[in-house]
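Chain by chain, the residues:
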Amino acid sequence: MENFLVIAFWLLVSTLSGSIGAIYLKKAMNKMPSFTFKNIATSIDFYIGAFLYIVSAQTNIQLYKHLDYSIGFPMTSIGYIWTILISYFVFKEKITKEKILAIALIVIGIAFLGSAGGVS
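Notes on the structure follow. This structure is a prediction, so every number in the text was calculated from the model and none was measured.

What follows deals with the overall build of the chain. Counting secondary structure elements, the chain contains six helices and zero strands. When the elements of the chain are put in sequence order from the N terminus, they spell out α-α-α-α-α-α. Judged by the C-alpha coordinates and their principal axes, the chain covers about 50 × 35 × 20 Å. Relative to its 120 residues, the chain shows a buried fraction of 32%.

Written out as structure tokens, the structure is:
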């Protein structure tokens, strides 16, 4: 059970920080009148997004210490679920039937991987 909790923790932190980081990078790009070094260098949203991407990469490394890469990497697709949900609240994007189906397929796939990979 402890291994499951460790894996769940690293997976949650990794995927959530990556998704939130992407949201901040999108916010940074939306605010920029043009894509220039000066605009990037002065964007707090860019720095937050980049920092969260680094957090995501570091926590991915921790996740892979506890799982085979062939199991761990596909499990990070949970980030797509976070992105759909966060985009709904931040950018007021619609959650369509197709997105709900995609979420369901991701969850089913992760459940199969977890059981096949011996996550306990």
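More follows now that the structure is in view.
Glancing now at the nonpolar core. A general feature of soluble globular proteins is that nonpolar side chains tend to end up buried together. Among the nonpolar cores identified, the biggest contains 12 residues, and these are I7, L11, L63, L67, I71, M75, I78, I81, I84, I103, I106 and I110. Mapped by element, the contributors of at least two residues to this core are α1 (2-31), α4 (69-75), α5 (78-90) and α6 (97-116). Once you skip the residues sitting within four places of it in the chain, I106 turns out to touch S77, I78, Y80 and I81.

Turning our attention to the pattern of salt bridges. Counted under the stated rule, the structure contains one salt bridge. K31 is the salt-bridge partner of D45, the closest N and O atoms lying 2.6 Å from each other. Here D45 is found in helix α3 (residues 44-66), whereas its partner K31 is found in helix α1, with 14 residues between them in sequence. Judged by relative accessible area, which is 58%, K31 ranks as exposed.

Time to look at the environment of Y69. Locating Y69 in the fold gives a position in helix α4. Among residues more than four places away in sequence, those in contact with Y69 are Y64 and P74.

Attention shifts here to the side chain of S87. Along the polypeptide, S87 turns up in helix α5. For S87, a relative accessible area of 7% puts it in the buried group. Within polar-contact distance, the side chain of S87 engages the backbone oxygen of T83 at 2.7 Å. Not counting residues up to four positions away in its chain, the partners in contact with S87 are I23, K92 and E93.

This next bit is on the side chain of S43. Within the secondary structure layout, S43 lies in the loop between α2 (37-41) and α3. Discounting residues that sit within four places of it in the chain, S43 has contacts with A28 and M32.

To continue, consider the layout of surface pockets. The space that makes up the largest pocket amounts to roughly 220 Å³. Together, 13 residues line the largest pocket, and T15, T76, S77, G79 and Y80 are the ones closest to its centre. Among the elements of the structure, α1, α3, α4 and α5 are those that each provide at least two residues to the lining of the largest pocket. Per element, the largest residue contribution to the lining of the largest pocket is four residues, and it comes from α1.

Parameters at a glance
Residues numbered from 1 in each chain as written. Predicted model: local features only at pLDDT ≥ 70, side-chain atom pairs only at ≥ 80, totals over all residues. Heavy atoms only, no water. Helix = DSSP H or I, 4+ residues; strand = E, 2+ residues; numbered from the N terminus. Buried < 20%, exposed > 50% of the residue type's maximum accessible area, 1.4 Å probe, protein only. Core = buried A, V, L, I, M, F, W, Y, C linked by side-chain atoms within 4.5 Å. Contact = heavy atoms within 4.5 Å. Salt bridge = Lys/Arg side-chain N within 4 Å of Asp/Glu carboxyl O. Polar contact = N/O pair within 3.5 Å; in protein donor to acceptor, adjacent residues only side chain to side chain. 1 Å grid on protein atoms, 1.4 Å probe; cavity = no way out; pocket = protein on both sides within 12 Å on 5 of 7 lines; lining within 4 Å. Points joined across faces, edges and corners; volume = space filled by probe spheres on them.

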